[in-house]
Amino acid sequence: MAKAMARDDFSKDTVTKLAERVGFLCSNPACRTHTVGPNSEQTKSTRIGKGAHITAASIGGPRYDANLTPKQRCHISNGIWLCANCADLIDKDENTFSTTVLVSWKSRAELEMHKELKGEASNHRKQFADFLISRMSTKKSKRQIDEEDEEIATLLRNEIDFHKKWEEQFKHVSLETFSINSKRCRYIEHRYNPNKPFWPTNDTGSVTYGPNSGPITVYGLPFKSWVEAKRYGEVLRQTRNHMSFNENSIHTIYFERQESKAPNYPIFYFAIRNDSAHQIILKSVQTEVYEIIPLLAIGQSQTLEPLEEYEIKIPPTRDKTEKYLVPSIKIAQNDSAAFGLRVVPMTGLMGGYEWLMKFKLLLSGDICLYSDYFIIIM
Ligand SMILES: [Zn+2]
């Protein structure tokens, strides 16, 4: 007896909504065929479209995502409207037609239809194609060609504008927080403040001691007593940027280690905010200078809790190596995901060394988020 496979199919209403949202046109940008029309019988219409699953409805299907609940699997966000041919096509080659690709098709098709509804559609792509065909097939004077070139340039500009607007959606992904988890390790964070002046340049760091009550030179200035010097130092720290910053520095954060005993591995806290129209996936972490390897499995995130923490080891080399997080962190739309990162330098050179670093977070949809440059004493 054949075992019934659980399938999380879309409801009839969901399928209709999927189709309506793209005006019953296939969402594949290379196809865009009509999927609904008249039937030979006067009282009927014919549909050749399908509400296809972005990630499969059942185990073993294309792009199946085990992390989704049945409810999420049959939710409209997991569907895309395609003509029968394209619906077949995407299930035969899930490497080419990845989740990311399908999500981008869907958002693009919906955006085009949205423009159409608002009367903004210029149909420039079709016009452009028609132009090229007409140019190839007919002889024209130079003046005609010049005029057409101008028109083609306009069409191309429109096309570029269109893509920019589409890409706008992915700009709503941001690194909400990037800091040291001060509850887990003792560091003081100094952030560059453009409203504060730099540390005085005449402070070379040298200190000269006078006799018992003689003049003291510190912070580049002479003082009559230590009490006076300390008071001045306190004022400097409150009113100036940290002494590590100057007008040429590229780093904007300075993490000062408070624990004198090594090792005191820093634990970073990252929170990524997703205000785009789609779920995104944090795939990997990179450093500007050192390799980062997450050693623990990464769980699914739907909210800021629970906070997963991963340990990474960075060798003291300048290779830029990308490491994938497995499995990746999912961030639903209008949601944030947070994770901790314990940085363990694979070197005995702890303490007294300043590491200039930068994190790069790679997300689905070709989105990259960068931390600021920072210096850390490890
Ligand atoms: Zn199609």
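Calculation notes
- Residues numbered from 1 in each chain as written.
- Predicted model: local features only at pLDDT ≥ 70, side-chain atom pairs only at ≥ 80, totals over all residues.
- Helix = DSSP H or I, 4+ residues; strand = E, 2+ residues; numbered from the N terminus.
- Buried ≥ 20, exposed ≤ 12 C-beta atoms within 10 Å, placed from the backbone.
- Contact = placed C-beta atoms within 7 Å.
- Pairing = 2+ DSSP bridges.
- Axes fitted to C-alpha atoms, helices over the stretch in contact; angles between N-to-C directions.
- pLDDT = per-residue confidence, 0-100.
- Core = buried A, V, L, I, M, F, W, Y, C linked by C-beta atoms within 7 Å.
- Arc of directions from axis to C-beta.

The next subject is the overall build of the protein chain. Along the backbone of the protein chain there are 7 helices and 18 strands. Per-residue burial for the protein chain yields a buried fraction of 23% across its 378 residues. The contacts in the protein chain between residues at least 6 apart in sequence include a share of 75% that link residues at least 24 apart.

Reading across from one edge, β6-β9-β18-β15 is the order of the 4 strands in this open sheet, with mixed pairing throughout. A single partner strand is all that each edge strand has here, and the edge strands are β6 (187–191) and β15 (354–357). In this sheet, neighbouring strand axes are inclined to one another by 20 degrees on average, regardless of whether the strands run parallel or antiparallel. Pairing between β6 and strand β9 (residues 253–257): 5 bridges, direction antiparallel.

Within the protein chain, residue pLDDT values average 78, and 73% of them lie at 70 or more. Note that pLDDT drops below 50 for residues 290–306; the model gives that stretch 46 contacts with residues more than four away or on any other chain.

This part takes up the nonpolar core. The biggest cluster of nonpolar side chains holds 29 residues, and the ones touching the most others in it are F255, I272, L282, A337 and F374. Those elements that provide at least two residues to this core are β5 (173–180), β9, β10 (267–274), β11 (280–287), β13 (323–331), β14 (335–345), β16 (359–363) and β18 (374–377). Tallying contributions element by element places β14 first for this core, with 5 residues. Judged by nonpolar contacts, the second largest core, of 20 residues, contains L18, I54, I80 and C83.

What follows concerns the environment of V343. If you trace the backbone, V343 turns up in strand β14. The spacing of V343 and M378 is 35 residues in sequence and 9.1 Å in space, taken between C-alpha atoms. Setting aside chain neighbours within four positions, we find V343 in contact with Y265, P266, F268, I312 and I314.

What follows is about unusual backbone geometry. Phi is positive for R32, which is not a glycine, with a value near 55 degrees. Among the structural elements, R32 can be located in the loop between α1 (12–21) and β1 (36–38). A positive phi angle, near 60 degrees, is found at R63, a position not held by glycine. What makes R63 partly exposed here is the crowd of 19 C-beta atoms within 10 Å.

Before going further, it helps to spend a moment on helix α3 (residues 84–92). Residues C86, A87 and I90 constitute the buried set of α3. Each buried residue of α3 sits inside an arc of 105 degrees when the element is viewed along its axis, so together they form one side. Among the exposed residues of α3, those oriented more than 90 degrees off its buried face are D88 and K92. Residues of α3 that are buried make contact with β3 (49–53), β4 (79–83) and α4 (99–117).

The next subject is the pairing of β18. The pairing of β9 with β18 spans 3 bridges and is parallel. Within the sheet, the bridge partner assigned to F255 lies in β18 and is I376. Inspection of the sheet shows β15 paired to β18 by 4 bridges, in the antiparallel sense. Directly across from L356, in β18, lies its bridge partner I375.

Turning to its location among the elements, K230 is positioned in helix α7 (residues 226–239). Judged by local crowding, K230 falls into the exposed class, with 12 C-beta atoms found within 10 Å. Expressed as a C-alpha distance, the spacing of K230 and Y219, which sit 11 residues apart in the sequence, is 9.8 Å.

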